[in-house]
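Residue-level structure breakdown
Here are the chains, one letter per residue:
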Protein chains: 2
Amino acid sequence: MNNSFVRQAIELAVNNVGRDGGPFAALVVKDGIVIATGVNQVTRTNDPTAHAEMVAIREACRVLGEFQLAGCDVYTSCEPCPMCLGALYWARPARVFFAAMHDDATAAGFDDSFIYRQMAVPHSQRTIPMIHVVDEQAARPFEAWVSRPGKTQY
Amino acid sequence: MNNSFVRQAIELAVNNVGRDGGPFAALVVKDGIVIATGVNQVTRTNDPTAHAEMVAIREACRVLGEFQLAGCDVYTSCEPCPMCLGALYWARPARVFFAAMHDDATAAGFDDSFIYRQMAVPHSQRTIPMIHVVDEQAARPFEAWVSRPGKTQY
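Below or above, wherever it landed, is the structure these notes cover.

Calculation notes
- Throughout this description, residue numbers start from 1 for each chain and increase along the sequence as written.
- Naming scheme: in the order in which they are written, chains are lettered from A and ligands are numbered from 1.
- Totals for whole chains, interfaces and linings use all residues, but because this is a predicted model, local features are given only for residues with pLDDT of at least 70 and pairs of side-chain atoms are given and counted only at 80 or more.
- The basis for every side-chain value is the complete set of heavy atoms in the structure, and neither hydrogens nor water enter the calculation.
- Contacts: residue pairs with any heavy atoms within 4.5 Å of one another.
- Defined in terms of a 1.4 Å probe, buried area is the accessible area two parts forfeit on being brought together, summed over both.
- Salt bridges, as used here, are contacts in which a Lys or Arg side-chain nitrogen is within 4 Å of a carboxyl oxygen on Asp or Glu.
- Polar contacts here mean pairs of N or O atoms no more than 3.5 Å apart (in protein, one a potential hydrogen donor and the other a potential acceptor; neighbouring residues in sequence count only if both atoms are side-chain atoms).
- The helix count covers DSSP runs of H or I at least four residues long, the strand count covers runs of E at least two residues long, and both are numbered beginning at the N terminus.
- Gly is placed with the polar residues, together with every amino acid not listed as nonpolar (Ala, Val, Leu, Ile, Met, Phe, Trp, Tyr, Cys and Pro) or charged (Asp, Glu, Lys and Arg).
- Pairing between two strands is assigned when DSSP locates at least 2 bridges connecting them.
- Every angle, taken between N-to-C directions, lies between 0 and 180 degrees, and every axis is a line fitted to C-alpha atoms, over only the stretch in contact when it is a helix.
- Angular relationships are summarised with four words: roughly parallel below 35 degrees, roughly antiparallel beyond 145, roughly perpendicular across 65 to 115, and oblique for the angles in between.
- Should the near helix be turned counterclockwise from the far one by less than a right angle, the crossing is left-handed, whereas a clockwise turn marks it as right-handed.
- A helix is expected to reach a length of 1.5 Å times the quantity of its residues less one.
- Relative accessible area decides the class of each residue, using a 1.4 Å probe on protein chains only: under 20% of the type maximum gives buried, over 50% gives exposed, and in between gives partly exposed.
- Alignment of the copies relies on least squares applied to C-alpha atoms, considering only residues that score at least 70 for pLDDT in both.

Next up on the list: the interface of chain B and chain A. The interface is formed by 89 residues belonging to chain B together with 89 residues belonging to chain A. Carbon and sulfur atoms make up 67% of the surface buried where chain B meets chain A, a total of about 8200 Å² over both sides. Seen at the junction of chain B and chain A, the total is 10 salt bridges. When the shortest N-O distance is used, the salt bridge between Asp47 of chain A and Arg58 of chain B registers 2.7 Å. Linking chain B to chain A there are 33 residue pairs in polar contact (both at pLDDT 80 or more). Among the elements that take part in the side of chain B that touches chain A, helix α4 (residues 82-91) of chain B stands out by supplying nine residues, more than any other. Of the residues contributing to the side of chain B that touches chain A, the split by class is 53 nonpolar, 18 polar and 18 charged. One ladder, built from three bridges, connects strand β5 (residues 130-132) of chain A with strand β4 (residues 95-100) of chain B; its direction is parallel. Residue pairing in the sheet places Met130 of chain A in a bridge with Val96 of chain B of β4 of chain B.

The following block contains the structure:
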């Protein structure tokens, strides 16, 4: 662990507010080197997925030419929201270090805690209704995937 | 609800496997019109965040010039993973329709159920360790955000 990387993320997050971005930043570190940074740019780029961790993960993968972050550490100014946590599990870095807690984000007006709680709510009762459409062809994509030779697993 | 949109997502997902993409696709529909589609392109683009729903959400926001999907419906070939579910909550469409269940994705070798379960595991016991770094400056980004006049909330 290197606390200075967390501090760098905090500084980037503070600076990003001055650029009308959200108060979040993240770094991806490999072998002690920062290989990518990301700041929240949801409103600047009209992209609701452009959270700091997402931007940093995408940039680090671009730099590495890989779709995984093997051997990398992620440092972030705040505990990841559910979207970013999910992205981290797909990217599979070694470790994640964070400064503020997601309750702190909630206190500042962000939906992090709300979304975490929604995940435990039955589909039909969520604030965004999620409706299971029964279609007899629903399994076809997975059948195609399982039977495909030489596929690139991820 | 229009079942034909779910069927379109299934067809796109099947076709995507033939292009060495993952077996997933999604559509964003507004006023009965498909405004964006997305297919999984994680391995094709070296981007672990490039799930079908993420690609479709980003494209729909680009088309609309907005960072929200107000009044839109999302149709997806499979129940969203935690990352995509989080993204949907940030994008805030009206409704989400899905065909296969996340257990079906798991049965085909994807981590969806595993990631959903990890969210309930204490930070230090997760398979990707998440480490809270105590830094007395951790609150500064949120303080900057709260005190900023005229900021664009999201």
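On to the packing of helix α3 (residues 52-64) of chain A against helix α4 (residues 82-91) of chain A. Residues and elements named next belong to chain A. Relative to each other, α3 and α4 sit at 20°, their axes nearing to 9 Å. On the basis of their axis angle, the class for α3 and α4 is roughly parallel. As for the relative orientation of α3 and α4, their crossing is left-handed in sense. Residues Glu53, Met54 and Ile57 of α3 form the contact with α4, whose participating residues are Met83, Cys84, Ala87, Leu88 and Ala91. Residue classes in the contact of α3 with α4 are distributed as seven nonpolar, no polar and one charged.

Moving on: helix α3 (residues 52-64) of chain B. When the terminal C-alpha atoms of α3 of chain B are compared, their 18 Å separation across 13 residues agrees well with the 18 Å that a helix rising 1.5 Å per residue should span. Listing the buried residues of α3 of chain B in full gives Ala52, Glu53, Met54, Val55, Ala56, Ile57, Ala60 and Cys61 of chain B. Buried-residue contacts for α3 of chain B involve α3 and α4 of chain A together with β1 (25-30), β2 (33-39), β3 (72-78) and α4 of chain B. Downstream of α3 of chain B by a residue or two, Gly65 of chain B has a phi angle that is positive, lying close to 70°.

Turning next to the relation of the copies chain B and chain A. With an RMSD of 0.0 Å, the operation that places chain B on chain A is a rotation of 180° combined with a shift of 0.0 Å along the axis. Classification of the inter-copy transformation places it as that of a two-fold axis. Among all residues of chain B, the one whose C-alpha sits closest to the rotation axis is Met83 of chain B, at a distance of 1.9 Å. Interface overlap between copies: 100% of the residues of chain B at the interface are likewise at the interface in chain A, consistent with a symmetric, same-surface contact.

The subject of this paragraph is the sheet that holds strand β5 (residues 130-132) of chain B. In a beta sheet, neighbouring strands are held together by backbone hydrogen bonds and run either parallel or antiparallel to one another. With mixed pairing, five strands are arranged side by side in an open sheet as β2(A)-β1(A)-β3(A)-β4(A)-β5(B). Where the open sheet ends on each side, the last strands, each with one partner, are β2 (33-39) of chain A together with β5 of chain B. Geometrically, the sheet is characterised by an average inter-axis angle of 20° between neighbouring strands, direction not taken into account. Here strand β3 (residues 72-78) of chain A runs beside strand β4 (residues 95-100) of chain A; their pairing, made up of five bridges, is parallel. Across the sheet, Thr76 of chain A pairs through a bridge with Phe98 of chain A, a residue of β4 of chain A.

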